[in-house]
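Below, each chain spelled out in residue letters.
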Amino acid sequence: MSSATVEALPAHQPGNTEEMPAEHYLNDGKTVFSWLGTLDHKRIAILYMVVVLLMFLVGGTFALLVRLELLTPGPTIMDALTYNRMFTLHGVIMVFFFMIPAIPGIFGNFMLPLMLGAKDVAFPRLNLMSWYLYVLGAGLGIWGMINGGADTGWTFYTPYSSMTPTQILPVLMGAFVAGFSSILTGLNFIVTVHTMRAPGITWMKMPLFVWSIYATAVIQILGTPVIGLVMLLLTVEQVFGFGIFDPARGGDPVLYQHLFWFYSHPAVYIMVLPAMAVMSEVVSTMSRKNPYGYKMIAWSSLGIALVGFLAWGHHLFVSGQSTFDAGAFGVISMMVGVFTAIKVFNWTATLYKGSVTFTTPFAYFCGFLYFIVFGGMTGIAVASVSLDVHWHDTYFVVAHFHFIMVGATIMAFLAALHYWFPKMFGRMYPEGWGLVSAVLIIIGFNATFIPQFLLGNMGMPRRYYQYPEQFQALNVASTAGASLLAMGFLIIAIYLAISLKYGKVAGPNPWGSHGYEWLHTQSPPITHNFHGQPVYPQAPHDYTGPVEGEVTHAA
Amino acid sequence: MQPDANASPFGPNYVPVAPGGRAPGGKYPWATHFGTPNVQTYAARFGMWLFLSTEVLLFAGLFVSYAVYRYLYPQTFALCSRHLDLSLGTINTLVLITSSLTVALAIHFVRTGKNGMATGMLIVTLLCACAFLVIKYFEYHHKFEQGTLPGRFYTYSGIQTEGAPMFFALYFLTTGLHALHVVVGMSVLTWVTYHVVKGRFSPVYYTPVELGGLYWHLVDLVWIFLYPLLYLI
Amino acid sequence: MADITKNVTDSHHPADLEHHGAGAYYLVWIALLALTGLTWWTGQMHLPNFGLALALIIATTKAALVVLFFMHLWEQKGVNRVTFVCTIAFVIVMLLGTLGDVTTRLETLLPKREAPASELSHMPKHGEAPAHGAQHP
């Protein structure tokens, strides 16, 4: 029924870009309820941003405390049980309440409808509900942490988790509820991609960000219910002692690990795929080139989502899993490397002969490329059964997954924050400070985790409160790196907070990007995103010709 | 051309509303961020299928646990299975299958404009659901009396082999989670029945009835697998 | 330009289900009842080798009937089918990965196995009190 479609309006009102637009989603309603009861995907994204950043602060604080404790070989600032709680809560908060919701919750929510030429996501009320569930989950988690806190590590391995004296129930329930939030977000995004695409946006013309977020949503739908069940089973174990995973009652603790990692391995891709999503956008815009190998990047996202589900057994190499299964899972795990490499090569090829602007998002792209290649290569190494027997549960593994999952995700999170800051808030951040903090963070991250690679290779096990004297120098280096990292985040927080109010007004498209989200919207967008129904005759990031109605850009 | 609040481009049966808004008298509440009401129906149905897919995977974790322990304790599982009340289990299967039929008929009647018949069918469905839960209660009660309970609560002296408490742990977990879904499904169908009576649904707009029905069929689907796996080893 | 102004998300899938009479529902119901009877009957034979396989085949047939006709997947082409098939595929993946481990694991790494089948040889009928021979020595 084409009667519903509306003629495309001029891309944006040409004219004064020195002033903020008079009407935008941020000033459309100023009461508390207009925020807490909003159905606007952009406002929900901002709500997510507030809580996600808060969680990042809490999780980061725990990380710093852990690093401080490890400054000296003996007890430094806390006792052993407190230390166990600290690394558990660091893991739980960073995984379930920061990295999983961060990019989909904030940037997925904000950008998906803008990139699809839609007024909103398919189910706006479900969207708001998923934020409330997330807040409830985070609240439960924090409440549990104040009331004793869990000391099991974020993996809650049985049988220890069913007999620990600490209060793990609230933390379990927090993760359980946050899982529902993740499911609803994924469901909403999948339906949105299927039903809300504007005229002109066929499947093979969707922005690559959308493709990756779509693949993420598939994992969220298929994986998250299983972790929900696992959390329920653990609760039953704790409260009633059913003995499902208790070897004394004929249960198999390895079964717990199978079920847990069936979700939690793909969950790594819930964190990394959105990071890849962001980078596919940044690299095209900043090098002013059409994405090289668009189809390969798009399909490899789905490929990662698929293979991610077939690889969970590589977490169980030394847990008593059968040799046959270990071999099979080890081989399949290598395939993740193939799909990731497809993306890495395509991004690099996109840069080739591009007209690169070295902005802060691009600096983070460079960091991202480094972390994903090195994190990925060490991942291939630990997916080899014989090597993993040596490295398992040492700091090598800690450093590996911080490189691939945290390094890559943080790089993308910060890149997205800077790249879309003008779109979300209508103002620019200071480029100089942006680059300084990017350098600080990338160096800080390396300084934190390269010593941990070395420590792990020397045999220092993870999750230990004390260590032999000979490991101290590298531990001090790691803690120093962590403080550098903290310094970088502090600088970002300060200048972005100032830019919110005093930053230079950005105008609708400060990067001169041909990405869909920049074309037909003002910055910040109006409540319903577009005046009329936009039409997209060209592919996203098509830099082969000028876009109709494009204003000259500042960059 | 923003959709006008008074005139819908799709005719008088389609009322433009805000997301989640309602339309009077069985008309279609078209949430205007969807291109057309057709797209909206499609989105709702697709969303429901995705949700059902999460439900299937939720139960899948339990089925996998069941498979592992049945492999480890085949004889004990057979022994314990024969200790369940087969006739009650079979009756419950028939009850749920019949309720699945009536809910499918309810959707059919709403779509053909026979709201009275639809209401009747939904009430029969709810009665079946109640019957199912009552029978389940008697089964549970019997097990509590006998001590065929999960894990450390297992006190039954008749079967003392390794793995028997595990069978009953899985029995209570699977049927318990399923019963929880029965209760949720009953709440959904009660809500649907109320709005069918109120005349909110019609041949033009019956999406919530259909989605509620889909959920109920899922409850039936899970039981179709639980019945042979628990009662007929 | 002309064709892209058509709403791409609308033209592909008419949302309304096919209208047909209620007769098909009754047929499916009768088939489901019959299959329940069949599985009840064969289940009590306790066929030693393919009892489980037969029960699962019957259950899958019943599930297919419910999904295809009661849930209308027969008429819904496209994405809902893909969703359902993917879901089942991932359930099978989870099952295979886990069973692949348990069935090939070293005996000593498994939780205690039950006593040899000979000690459990007497299987009572349904409802019958189990013999005391079933007790672990």
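Residues numbered from 1 in each chain as written. Chains lettered and ligands numbered in written order. Predicted model: local features only at pLDDT ≥ 70, side-chain atom pairs only at ≥ 80, totals over all residues. Heavy atoms only, no water.

Caption draft 1: Quick look at the interface of chain C and chain B. Opposite the 69 residues of chain C that make contact, chain B presents 67 residues. Taking both partners together, chain C and chain B bury about 6200 Å²; carbon and sulfur atoms supply 71% of that area. Along the contact surface separating chain C from chain B lie 0 salt bridges. Along the contact surface separating chain C from chain B lie 5 residue pairs in polar contact (both at pLDDT 80 or more). Elements with a contribution of two residues or more to the side of chain C that touches chain B: helix H1 (8-11), helix H2 (23-45), helix H3 (51-70) and helix H4 (79-104) of chain C. Looking at the side of chain C that touches chain B, the element that brings in the most residues is H4(C), giving 13 residues. Considered class by class, the residues forming the side of chain C that touches chain B number 37 nonpolar, 24 polar and 8 charged. (Contact = heavy atoms within 4.5 Å. Buried area = accessible area lost by both parts, 1.4 Å probe. Salt bridge = Lys/Arg side-chain N within 4 Å of Asp/Glu carboxyl O. Polar contact = N/O pair within 3.5 Å; in protein donor to acceptor, adjacent residues only side chain to side chain. Helix = DSSP H or I, 4+ residues; strand = E, 2+ residues; numbered from the N terminus. Nonpolar A, V, L, I, M, F, W, Y, C, P; charged D, E, K, R; others polar.)

Caption draft 2: How the structure looks around the domain arrangement of chain C. Structurally, chain C comprises domain 1 (24-71) and domain 2 (77-104). Once you take the C-alpha centre of each, domain 1 of chain C and domain 2 of chain C turn out to be 21 Å apart. (Domains from an automatic or database assignment.)

Caption draft 3: Structural detail: the packing of aromatic side chains. Under the defined criterion, the tally for this structure stands at 71 aromatic pairs over all chains. Their ring planes at 70° and their centres at 4.9 Å tell us that A:Trp131 and A:Tyr132 sit as a pair that is edge-to-face. Using a relative accessible area of 7% as the deciding quantity, one classes A:Trp131 as buried. With relative accessibility at 36%, the residue A:Tyr132 sits in the partly exposed group. Ring centres of B:Tyr42 and B:Phe46 lie 6.3 Å apart, and the angle between their planes is 40°; on these two criteria the pair is classed as tilted. Of this pair, B:Tyr42 and B:Phe46 both sit in helix H1 (residues 37-72), 4 residues apart, roughly one helical turn. (Phe/Tyr/Trp six-rings, centres within 6.5 Å; stacked < 30°, edge-to-face > 60°. Buried < 20%, exposed > 50% of the residue type's maximum accessible area, 1.4 Å probe, protein only.)

Caption draft 4: Spatial organisation of the interface of chain B and chain A. The interface of chain B with chain A comprises 41 residues on the first partner and 42 residues on the second. Note on chain B versus chain A: buried area summed over both sides is about 3500 Å², and carbon and sulfur give 73% of it. Between the two partners, chain B and chain A, sit 0 salt bridges. Counting every contact that joins chain B to chain A gives 9 residue pairs in polar contact (both at pLDDT 80 or more). Counting only elements with at least two residues in the side of chain B that touches chain A, the list comes to H1 and helix H5 (164-197) of chain B.

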